[in-house]
Amino acid sequence: MATKSQGCLWQICLILLFSAGVMALDCNLLHRQQSQFNWYSLQLLQNMGGKFPLECLEDNTAFQFPEKVLKPKFQQHAIMAIHEILQQLFGIFSRNLTQTGWERRSVERFLNGLALQTERLETCLPTKAGANILRLKKYFQRIQDFLKEKKYSTCAWEIVREEGQRCFQYIDKLTVRMKK
């Protein structure tokens with residue numbers, strides 16, 4: 001049985017899907033769509049696991065997001081960074097989730113949204129990648145290494161889920177840069 005907030009999130013998802021068709025080809029309006037998507041994805045990620053378990057605090061890790069990524073010189077660099085973050089989040093959250101206890105449908109909705117937005121961003125991507133992409137790859141490799149080291153434990157996944165939420169805050173900052 002779906003809760004009221006899940007029903008609301010589902011309606012928002014449908015609105016985003018319908019409005020996305022209209023805006024998909026216009027890269028100038030991408031920041032509006034991205035802002036809506038960020039909010040929706042953050043809500044899904046927060047609701048996937050509930051409250052952060054206190055017993056996981058001792059496993060907490062600083063993954064050190066590369067701050068330089070948040071100060072792109074050009075709009076295209078912001079788009080490239082957002083695209084890379086979404087791709088990496090998709091890769092991380094699409095494997096070894098058996099110990100999380102998260103509802104499968106919530107995870108699938110989250111992953112479907114990531115895939116959809118990644119595809120939309122691809123229509124606006126420049127052809128060559130920047131140095132910040134390498135920094136992002138190293139950041140996400142640290143997250144993957146942490147999961148492996150902790151044997152994909154429930155606590156490790158909760159910490160990564162929290163880090164994923166921070167990633168959407170970073171994406172929000174990059175989305176603001178897309179307007180400029």
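Residues numbered from 1 in each chain as written. Predicted model: local features only at pLDDT ≥ 70, side-chain atom pairs only at ≥ 80, totals over all residues. Heavy atoms only, no water.

Engineer: Give a detailed account of the overall build of the chain, specifying residues and quantitative values.
Structural biologist: The secondary structure content of the chain amounts to 6 helices and 0 strands. Going residue by residue from the N terminus, the α and β elements of the chain occur as α-α-α-α-α-α. By the burial criterion, 46% of the 180 residues in the chain qualify as buried. Across the chain, contacts joining residues at least 24 apart in sequence account for 88% of those joining residues at least 6 apart. For the chain, the accessible area works out to roughly 10,100 Å², and carbon and sulfur atoms hold 55% of it. (Helix = DSSP H or I, 4+ residues; strand = E, 2+ residues; numbered from the N terminus. Buried < 20%, exposed > 50% of the residue type's maximum accessible area, 1.4 Å probe, protein only. Contact = heavy atoms within 4.5 Å. Areas by Shrake-Rupley, 256 points an atom, 1.4 Å probe, with all protein chains shown as cover.)

Engineer: Kindly report on the pattern of salt bridges, identifying the contributing residues and their values.
Structural biologist: Close approach of charged atoms allows side chains with opposite charge to pair. Applying the stated criterion across every chain yields a total of 5 salt bridges. In this structure, the salt-bridge partner of Glu84 is Lys137, at a minimum N-O distance of 3.2 Å. With a gap of 53 residues between them, Glu84 in helix H3 (residues 75–93) and Lys137 in helix H5 (residues 131–149) connect regions that are remote in the sequence. A residue is classified by how much of its surface remains accessible, and Glu84, at 6% relative accessible area, is buried. (Salt bridge = Lys/Arg side-chain N within 4 Å of Asp/Glu carboxyl O.)

Engineer: How would you summarise the packing of aromatic side chains if you had to cite specific residues and measurements?
Structural biologist: Scanning all chains against the criterion turns up 11 aromatic pairs. Measuring from centroid to centroid gives 6.3 Å for Phe37 and Phe168, while their planes differ by 65°, and the two rings are edge-to-face. In this pair, Phe37 sits in helix H2 (residues 30–49) while Phe168 sits in helix H6 (residues 154–179), placing the two residues 131 residues apart along the sequence. Judged by relative accessible area, which is 5%, Phe37 ranks as buried. A ring pair is formed by Phe65 and Tyr139, whose centres lie 4.9 Å apart and whose planes are at 80°; its orientation type is edge-to-face. One end of the pair, Phe65, is in the loop between H2 and H3; the other, Tyr139, is in helix H5, and 74 residues separate them in sequence. An aromatic cluster is built from Phe37, Phe93, Trp102, Phe110, Tyr152, Trp157 and Phe168, whose rings are joined through pairwise contacts. (Phe/Tyr/Trp six-rings, centres within 6.5 Å; stacked < 30°, edge-to-face > 60°.)

Engineer: Please provide a residue-by-residue account of the confidence of the model for the chain, values included.
Structural biologist: Regions with low pLDDT carry predicted coordinates that are not meant to be interpreted in detail. On average, the chain scores 84 in pLDDT, and the residues at 70 or more come to 83%. Predicted confidence for residues 19–25 stays below pLDDT 50, and this span has 7 contacts to residues more than four positions away or in other chains. (pLDDT = per-residue confidence, 0-100.)

Engineer: If you had to explain the packing of H5 against H6 to someone new, which residues and values would you point to?
Structural biologist: At a minimum axis distance of 10 Å, the contact between H5 and H6 shows a crossing angle of 165°. With respect to H6, the element H5 is oriented roughly antiparallel. In this structure, H5 crosses over H6, and the sense of that crossing is left-handed. For the pair H5 and H6, the contacting residues are Tyr139, Phe140, Ile143, Phe146 and Leu147 in the first and Ala156, Trp157, Ile159, Val160, Glu163, Cys167 and Tyr170 in the second. (Axes fitted to C-alpha atoms, helices over the stretch in contact; angles between N-to-C directions. Parallel < 35°, antiparallel > 145°, perpendicular 65-115°, else oblique. Left-handed = near helix turned anticlockwise from the far one by under 90°.)

Engineer: Which residues make up the packing of H2 against helix H4 (residues 104–122), and what are the values?
Structural biologist: Relative orientation of the contacting elements H2 and H4 amounts to 160°, with a least axis distance of 10 Å. Compared by their axis directions, H2 and H4 come out roughly antiparallel. Of the two elements, H2 crosses H4, and the hand of that crossing is left-handed. On H4, the residues touching Leu30, Gln33, Gln34, Phe37, Tyr40, Ser41, Leu44, Leu45 and Met48 of H2 are Ser106, Val107, Arg109, Phe110, Gly113, Leu114, Gln117, Arg120 and Leu121. Across the contact of H2 with H4, the residue classes break down as 10 nonpolar, 6 polar and 2 charged. (Nonpolar A, V, L, I, M, F, W, Y, C, P; charged D, E, K, R; others polar.)

Engineer: An account of the state of the cysteines is requested, with residue identities and associated values reported.
Structural biologist: Per the counting criterion, the structure on display carries 1 disulfide. Covalently, Cys56 is tied to Cys155 through a disulfide, its sulfur atoms 2.1 Å apart. One quick way to see it: the torsion about the S-S bond of Cys56 and Cys155 is about -75°, and its sign makes the bridge left-handed. Highlighted residues: Cys56 in the loop between H2 and H3 and Cys155 in helix H6, separated in sequence by 99 residues. (Disulfide = S-S within 2.5 Å.)

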